[in-house]
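So the chains spell out like this:
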Amino acid sequence: MKSNTQLLAQVTEFIGYEADLLDHKAYQEWLSLWTDSGLYIVPTDLNETDYLNTLNLALDDADMRRMRVARLENGESVSAISVGSTVRMVSRVRILEAGDDLVIARCAMTLNELRHGKLVTYPANVEYTLKPTAEGLKLEQKVVKLLHADGFLRTVSFIF
Amino acid sequence: MSQLIDMKNIGLQAADMVDVEKGRVKKELYSNPEIFEEELDLVFNNTWVFVGHESEVPEAGSFKTAYIGRQPVILSRDRKMNLHVLQNRCRHRGATVCEARKGKTKAFTCPYHGWGYGLDGSLRALPKPEEYDGVFDKSEMPLESLRAESYQGMVFATFNNDIEPLEDFLGGAKKWIDLFMKQGGGYPVKVLGEHRFNFPGNWKIQLENTTDAYHFPIVHKSFVSSLDEATADIFDFLDGEGFVEDLGNGHSVMVMIPQLVDLEADLDQPIPERFSALAQALRDEGKSENEVKKLVRAAHGTGFNLNLFPNVSCSMAFFRVLRPVSVGETEIQHVALGGDGAPDAFNHKRMRLHEHFQGPMGFGTPDDGEAWERVQKGSMAGTDGWILVNRGMSKLRTSEDGNPQGAVCSETGMRGAYQQYKKMMAAAEEK
Ligand code: FES
Ligand SMILES: [Fe+2]
């Protein structure tokens, strides 16, 4: 097992890499970061942990992730076409659990979107469940807890 | 006095902007803030407005907050299980007494000076009451209560005490609400959760959209592409046998998928591929083949959108609730529905289907939102101009219920809604 500093560096690097892929719309590479059983979750209720039993803003298994990416990439979605750029800042990375099979980490993220010339901001806590593999860390679960998850959001045509 | 005359003129002017004969409305109806203020008064404060479903306040002490136009209200259930819709405003100096979205409580206590109200709105207690001796009696100061009535669990409230009973107002829509409520799969329909989003545009743009099949294959192309072939075929309904029917009082129904109008009929249909996992999960739970078929069919949701003027739609599998915030901003809730006591597998599937299309991150809503935002922006071009809602106007027939009916992609429902709007705005004259 690695020292905490090594692990923190590895996890921080991974989270930064994922953020960079998403901001640059490298969605196919992003898909390859996932395990087959992985879940991408954006809850509506920040106190809820039983995500399957609750309505979420998004709860994507591998199929839904693939379809979400296809929708953003195939040029058929008018909102996806008109999304300008996103820039996300990630920091405050902390390891919550450092097991041999799974690493759980949490960080702060602020995503800024330029939409029709207006800046929209999404602050969030993001929880990562990462699986160490021979090819490095893989995403087993990513939960994006938007600060205003239960408020009235603008529509979203990108991936948090 | 002069202000009164002006206000009256604005209502009448707005009514004149609806050209029923030609099926068109002035674009100014989307962007004039004075008209918006009049709409709050003449439409939202003057008719039955949907505030929630009974399953959202299931037990004694349950409550949820809602809005009628700009006015905050509370829907509560008292200890005797009676429902109340109360103004969310303390009778002392006017603070809201409840800020939670929903919950369970014994009382609503005002945070400012501590007046405490019961679930029925009655003022129960207040600190240092002796200073009110000879001023007023507690019984005179309940939270103000609105007239509220329900149909099939849908609760509506109104500030207009002279309005017809809810069931008369719903009229021809009742039959469709009955059909809509069959999607619990043999269990009572229950709210499972909701999505909330807003868009920078006028509320009537959303009102129109729920009865607009014409946009579906264009705006939702990316959603349809994400479906398997059989399901995509179901959503290819513009050339089908569907229709839009004006049900009166501003209500309308748009039937997109006629084979999914009655979810309790045709139970011998084979189970579609995308529901095979659900069917297996239900069988594994020991459900009979009949019950499996009934639940699977209900899981689809209905094949129609029922638009109820002015703020709610029973839209295939969910409630769409709109709230006008300002002339150029509207808040929308997409309320997910399932069966109360239904198998988990069924309710889970319903939630996953809801997440797929609805809400701010669904595969459908963002594209709708983009189109609506463009409508609002475009409405600023030019000094004058019309919005056309005349599609299919020359090909109307009479439905079996005696209503005007047009093709599925006609704008029959929008014209019905604008006719009711015109009538309500013109009532400014009588004020
Ligand atoms: S404002 Fe509510 S108690 Fe004073
Ligand atoms: Fe749509």
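The rules behind the values
- Residues numbered from 1 in each chain as written.
- Chains lettered and ligands numbered in written order.
- Predicted model: local features only at pLDDT ≥ 70, side-chain atom pairs only at ≥ 80, totals over all residues.
- Heavy atoms only, no water.
- UniProt positions renumbered as here; feature names shortened; annotations may be inferred.
- Donors = N, O, S within 2.8 Å, 3.2 Å for Na, K, Ca; no water.
- Helix = DSSP H or I, 4+ residues; strand = E, 2+ residues; numbered from the N terminus.
- Axes fitted to C-alpha atoms, helices over the stretch in contact; angles between N-to-C directions.
- Parallel < 35°, antiparallel > 145°, perpendicular 65-115°, else oblique.
- Left-handed = near helix turned anticlockwise from the far one by under 90°.
- Contact = heavy atoms within 4.5 Å.
- Nonpolar A, V, L, I, M, F, W, Y, C, P; charged D, E, K, R; others polar.
- Core = buried A, V, L, I, M, F, W, Y, C linked by side-chain atoms within 4.5 Å.
- Buried < 20%, exposed > 50% of the residue type's maximum accessible area, 1.4 Å probe, protein only.
- Domains from an automatic or database assignment.
- Salt bridge = Lys/Arg side-chain N within 4 Å of Asp/Glu carboxyl O.
- Buried area = accessible area lost by both parts, 1.4 Å probe.
- Polar contact = N/O pair within 3.5 Å; in protein donor to acceptor, adjacent residues only side chain to side chain.
- Pairing = 2+ DSSP bridges.
- pLDDT = per-residue confidence, 0-100.

Chain B is annotated in an unreviewed UniProt entry as Ring hydroxylating dioxygenase, alpha subunit/Rieske (2Fe-2S) protein from Marinobacterium lacunae. You can read under Cofactor (unreviewed entry) in the UniProt record for chain B the words "Fe cation".

As named in an unreviewed UniProt entry, chain A is Aromatic-ring-hydroxylating dioxygenase, beta subunit, taken from Marinobacterium lacunae. Quoted verbatim from the Pathway (unreviewed entry) heading of the UniProt record, the comment on chain A is "Aromatic compound metabolism."

Moving on to the coordination of the iron ion (ligand 2). Residues and elements named next belong to chain B. Binding of the iron ion (ligand 2) to the protein goes through His 215 (NE2), His 220 (NE2), Asp 368 (OD) and Asp 368 (OD), at separations of 2.1 to 2.4 Å. Taken in sequence order, the residues that donate to the iron ion (ligand 2) follow the motif H-x4-H-x147-D. Note that His 215 is positioned in the loop between helix 5 (203-209) and helix 6 (216-219) and Asp 368 in helix 12 (residues 365-378), a separation of 153 residues in sequence.

All names here are of chain B. Interaxial distance between helix 10 (residues 289-299) and helix 11 (residues 344-357) falls to 10 Å at its minimum, and their mutual angle equals 20°. Our classification of the angle between helix 10 and helix 11 gives roughly parallel. The two elements helix 10 and helix 11 meet at a crossing, and its hand is right-handed. In contact with Leu 295, Ala 298 and Ala 299 of helix 10, helix 11 contributes Phe 346, Arg 350 and Leu 353. A per-class count over the contact of helix 10 with helix 11 returns five nonpolar, no polar and one charged.

So, about the UniProt feature "domain: Rieske" (unreviewed entry) in chain B. Summarizing the sequence annotation, UniProt attributes the feature "domain: Rieske" (unreviewed entry) to residues 48-157 of chain B in the numbering used throughout. Between the C-alpha atoms that bound residues 48-157 of chain B the distance is 5 Å, and the span itself is 0% helix and 39% strand.

Counting residues in hydrophobic clusters, the biggest one holds 44 residues, and the most contacted among them are B:Leu29 and B:Tyr421. Taken domain by domain, the makeup of this core includes at least three residues from each of domain 1 (52-151) and domain 2 (171-421) of chain B. Apart from the residues lying within four places of it in its own chain, the contact partners of B:Tyr421 are B:Ala14, B:Val18, B:Leu29, B:Ile35, B:Glu39, B:Val43, B:Trp203, B:Lys204 and B:Phe309. Residues A:Ile15, A:Leu21, A:Tyr27 and A:Met109 belong to the second largest nonpolar core, which totals 42 residues.

The subject of this paragraph is the side chain of B:Ser315. Along the polypeptide, B:Ser315 turns up in strand 17 (residues 312-315). Apart from residues lying up to four places away in sequence, B:Ser315 is in contact with B:Phe180, B:Thr210, B:Phe304 and B:Asn305.

Taken as a whole and judged by the stated rule, the model has 31 salt bridges over all chains. Measuring nitrogen to oxygen at the nearest pair gives 2.8 Å for the salt bridge that ties B:Glu37 to B:Arg70. Of the two residues, B:Glu37 sits in helix 2 (residues 33-44) while B:Arg70 sits in the loop between strand 4 (62-68) and strand 5 (71-77), which places them 33 residues apart along the sequence. Judged by its relative accessible area of 37%, B:Glu37 falls in the partly exposed class. The salt bridge partner of B:Arg91 is B:Glu144, with a shortest N-O separation of 4.0 Å. Residue B:Arg91 is found in the loop between strand 6 (83-87) and strand 7 (102-104), and its partner B:Glu144 is found in the loop between strand 10 (123-125) and strand 11 (147-151); the two are separated by 53 residues along the sequence. Via salt bridges that share partners, A:Asp150, B:Arg101, B:Glu194 and B:Arg196 belong to a single interconnected network.

Residue and element names in this part refer to chain B. We note that the domain assignment places domain 1 (52-151) and domain 2 (171-421) within chain B. The gap between the C-alpha centroids of domain 1 and domain 2 is 33 Å. In this assembly, eight residues from domain 1 lie in contact with twelve residues from domain 2. The contact between domain 1 and domain 2 buries some 990 Å² in all, and 55% of this surface belongs to carbon and sulfur atoms. On inspection of domain 1 and its partner domain 2, the count reaches one salt bridge. Counting across the domain 1 and domain 2 interface gives three residue pairs in polar contact (both at pLDDT 80 or more).

On to unusual backbone geometry, then. Geometrically, the link from B:Phe309 to B:Pro310 is a cis peptide bond, its omega value of 5° lying close to zero. Looking at the element boundaries, B:Pro310 is found in the loop between strand 16 (304-308) and strand 17. In the Ramachandran plot, A:Lys25 falls in the positive-phi region, its phi being about 55° despite a non-glycine side chain. Within the secondary structure layout, A:Lys25 lies in the loop between helix 1 (4-23) and helix 2 (27-31). Classification of A:Lys25 as partly exposed rests on a relative accessible area of 34%.

This part takes up the sheet that holds strand 9 (residues 116-117) of chain B. Residue and element names in this part refer to chain B. One open sheet holds the three strands; their spatial order is 8-9-10, and the pairing between them is antiparallel. If you trace the sheet from one side to the other, it starts and ends with strand 8 (108-109) and strand 10, each paired once. Bridge count for strand 9 against strand 10 is two bridges, and the pairing is antiparallel. Each bridged residue has a counterpart across the sheet, and for Gly 116 the counterpart in strand 10 is Ala 125.

Looking now at the confidence of the model for chain B. On average, residues of chain B carry a pLDDT of 95, and 98% of them reach 70 or more. Across the whole predicted complex the pTM is 0.96, and at the interface the ipTM reaches 0.96.

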